[in-house]
Amino acid sequence: MSVVVVGGGLAGISAAIALQESGVPVTLLESRPWLGGATHSFGRGELSVDNGQHVFLRCCTAYQGLLHRLRADHLVDVQDRFDVPVLRAGAPPARLRRSGLPSPLHLLPALAGYAPLSAADRLRAVRAALGLARLDPADPVLDQVSAGAWLAQRGQRPWAREALWGLFLTSALNAEVDDAALGLSAMVCRRALFGRADAADIGLPLVPLEELHGGPALRRIAEMGGTVRLKARVEAVTADPKVVVDGMPIAADAVVIAVPHEAAVRLLPAEALPDPLRWPELDASPIVNVHVVYDRRVLDAPFAAAVGSPVQWVFDRTAVSGLRGGQYLAVSLSAADPWIDMPTAELRSRFVPELRRLLPAAWGAQVREVFVTRERRATFRQRPGSAAARPGAATRAPGLYLAGAWTDTGWPDTMEGAVRSGLTAARLVRRHLEKVKDR
């Protein structure tokens, strides 16, 4: 028996490797000339540039499991202890660092001393955190409420929502706090902040994403006897099931569609789609990265968050990119609707001065280069109502399955969610093949 996986992002890679490990021959089809999907790299002069900054947390166990299968787990670094410097213009950096206390007390000292908030706001934040920890993320009622509205009702004023909750939720959900679904927000907080004490420790790639995901996946699938076809244009999937590639049908015993939701709608036969079809409601939310190369070091930490600034997070990309002199920073902007269509020159005029405000060392530094990467459809919009629109892995057609971080994984649209979706699809495919064998 054989399976075709359509889409070579993390979801498709995860499904393909899981199936190959169970002895099922897989053909992986990818329209682009690389694997890795939304996590890829490109060359720009001497630099190796990732299309966007990607991080993970220690609680992202499925993603780390994929890295282990790819023999790439030595190519990432995870903090020994959650520790984030928080930049503020005209003030020393604040710091959010977990203590050695057991969960859920491990973050209380950091919150109690968090300088950007007043003492009263810190106390109110502790109360809100205790309330969040008691919510059930799977409760469908929470999907109808925004995190911002819920926090506001519990005394979290706009500044607290931006300077504390926004640090975590905006980057995790690619949505402003006031627009983010409460269910997913509660899931992030319960899993990362209120779960195991080490759950929120931050992991970073030590190499470009192509060397972490795409290249190792290509080699690993080939080693296990699978087939990868790059630049393969999939035109349709039939209920037989067959996959039509460049005008030629490929028969399979099962098919996993691991592509964005708008592409899945176009590929699948009508009889496989739900009625009513709610996937278009998921829409898309953009991410923008502003890349700035300096002639000297201006940031002494591997990354930092910022408050009271359009800068959200800034990462030191110097070593990963291969830059041999100076420092290369990437400003990562989630929920980037205000920035996605802004010309590079205007983004430069806004963010280079802003980095000078936040980083005193940048005042004497020369900017060698500024460029911008844009992911217009980086994630689906994780707003109230989106959970009800996320489909499960099974379609209405036997043998056709879905994978992708946009499906109903219980996780946000992240690398972890993508990997989990691929593992779920692979598990359902195996069950389907067992039934076919028994007939």
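Residues numbered from 1 in each chain as written. Predicted model: local features only at pLDDT ≥ 70, side-chain atom pairs only at ≥ 80, totals over all residues. Heavy atoms only, no water.

1. Concerning the UniProt feature "domain: Amine oxidase" (unreviewed entry) in the protein
Following the UniProt record, one finds the feature "domain: Amine oxidase" (unreviewed entry) at residues 10-429. What you have in residues 10-429 is 33% helix and 23% strand, and the ends, taken at the C-alpha atoms, are 17 Å apart. (UniProt positions renumbered as here; feature names shortened; annotations may be inferred. Helix = DSSP H or I, 4+ residues; strand = E, 2+ residues; numbered from the N terminus.)

2. Quick word on the pattern of salt bridges
The tally for this structure, following the rule as stated, stands at 29 salt bridges. A salt bridge links R296 to D295, with the shortest nitrogen-to-oxygen separation between them at 3.2 Å. Three or more residues joined by partner-sharing salt bridges are found here, namely R58, R98, R196, D198 and D201. (Salt bridge = Lys/Arg side-chain N within 4 Å of Asp/Glu carboxyl O.)

3. Re the side chain of T379
By the secondary structure assignment, T379 is in strand β19 (residues 367-379). Residue classification places T379 among the buried residues on the basis of a relative accessible area of 8%. Separated by 3.0 Å, the side chains of T379 and N174 make a polar contact. Dropping the residues within four chain positions of it, T379 is found in contact with L173, N174, D283, A284, S285 and D413. (Buried < 20%, exposed > 50% of the residue type's maximum accessible area, 1.4 Å probe, protein only. Polar contact = N/O pair within 3.5 Å; in protein donor to acceptor, adjacent residues only side chain to side chain. Contact = heavy atoms within 4.5 Å.)

4. Re the domain arrangement of the protein
According to the domain assignment, the protein consists of domain 1 (3-41 + 58-73 + 206-282 + 384-438), domain 2 (80-200) and domain 3 (284-380). The distance between the C-alpha centroids of domain 1 and domain 3 comes to 32 Å. At the junction of the two partners, domain 1 supplies twelve residues and domain 3 supplies seven residues. Counting each side, the surface lost to burial between domain 1 and domain 3 is near 740 Å², with a carbon and sulfur contribution of 59%. When the buried surface of domain 1 facing domain 3 is broken down by residue, E262, L282 and D413 rank first, second and third, together holding 49% of it. Residues R377 and E262 are paired through a salt bridge, measuring 2.8 Å at the closest nitrogen-oxygen approach. (Domains from an automatic or database assignment. Buried area = accessible area lost by both parts, 1.4 Å probe.)

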